[in-house]
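An overview of the molecular structure
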Amino acid sequence: QVQLVESGGGLVQAGGSLRLSCQVSRTIFSIDLMGWYRQTPGQERELVADITPGGGSNYADSVKDRFTISRDDAERSVYLHMDRMQPEDSGVYYCRVVLDAGLGPHPKRTYWGQGTQVTVSS
């Protein structure tokens, strides 16, 4: 029912920038936390950044001061602007969204995007 569509990944040279986008399909439920995770071969999927409905954000130490997460609730979208990129930023980036139905004992549900490849060349 709920799908997350990611875009914006690709190949970029070190020092360059990319902007990732993720849009949630239309839903009657409220969108709670939104974020981006990254995974590389042989590594655990790790949090890159997330953002609350109020705009509060958290970043992995490795991307602080270089990446910026933002959201547009009217468009049901979350974005990740990546600046001054480094080869170690490479990986598959996954959008993660929590929806809040507001009813029942477990109203919150987590959804993941399909992943988009980001490759930074040195």
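Coordinates for the structure precede this section.
The structure presented is a predicted model; accordingly, all values stated were derived computationally and were not measured. (Residues numbered from 1 in each chain as written. Predicted model: local features only at pLDDT ≥ 70, side-chain atom pairs only at ≥ 80, totals over all residues. Heavy atoms only, no water.)

**Some words on the packing of aromatic side chains**
All chains considered together, the criterion is met by 1 aromatic pair. Here R45 stacks its cationic end above the ring of Y94, 3.7 Å away from the centre of that ring. We note R45 situated over the ring of W112; from NZ or CZ to the ring centre the distance is 4.7 Å. (Phe/Tyr/Trp six-rings, centres within 6.5 Å; stacked < 30°, edge-to-face > 60°. Lys NZ or Arg CZ within 6 Å of the ring centre and 35° of its normal.)

**Here we look at the sheet that holds strand β7 (residues 67-72)**
Read across the open sheet, the 4 strands follow the order β1-β3-β8-β7; overall the sheet is antiparallel. Each edge of the open sheet carries a strand with a single partner, namely β1 (4-7) and β7. Taken over all neighbouring pairs, the strand axes of this sheet differ in orientation by 15° on average, direction set aside. In terms of strand pairing, β1 meets strand β3 (residues 18-24) through 4 bridges, oriented antiparallel. Paired with S7 across the bridge in β3 is S21. (Pairing = 2+ DSSP bridges. Helix = DSSP H or I, 4+ residues; strand = E, 2+ residues; numbered from the N terminus. Axes fitted to C-alpha atoms, helices over the stretch in contact; angles between N-to-C directions.)

**Thoughts on unusual backbone geometry**
The phi angle at D65 is positive, at roughly 75°, despite the residue not being glycine. Note on placement: D65 falls in the loop between β6 (57-59) and β7. In this structure, R84 takes a positive phi of about 50° despite not being glycine. Looking at the secondary structure, you find R84 in the loop between β8 (77-82) and β9 (91-100). For R84, a relative accessible area of 42% puts it in the partly exposed group. (Buried < 20%, exposed > 50% of the residue type's maximum accessible area, 1.4 Å probe, protein only.)

**Some details on the environment of L11**
The topology assignment puts L11 in strand β2 (residues 10-13). A relative accessible area of 64% means that L11 is categorised as exposed. With 109 residues separating them along the chain, L11 and V120 place their C-alpha atoms 5.9 Å apart. For L11, the residues in contact, after removing those within four places along its chain, are T119 and S121. (Contact = heavy atoms within 4.5 Å.)

Purely geometric stuff here, so don't read any function into it on its own.
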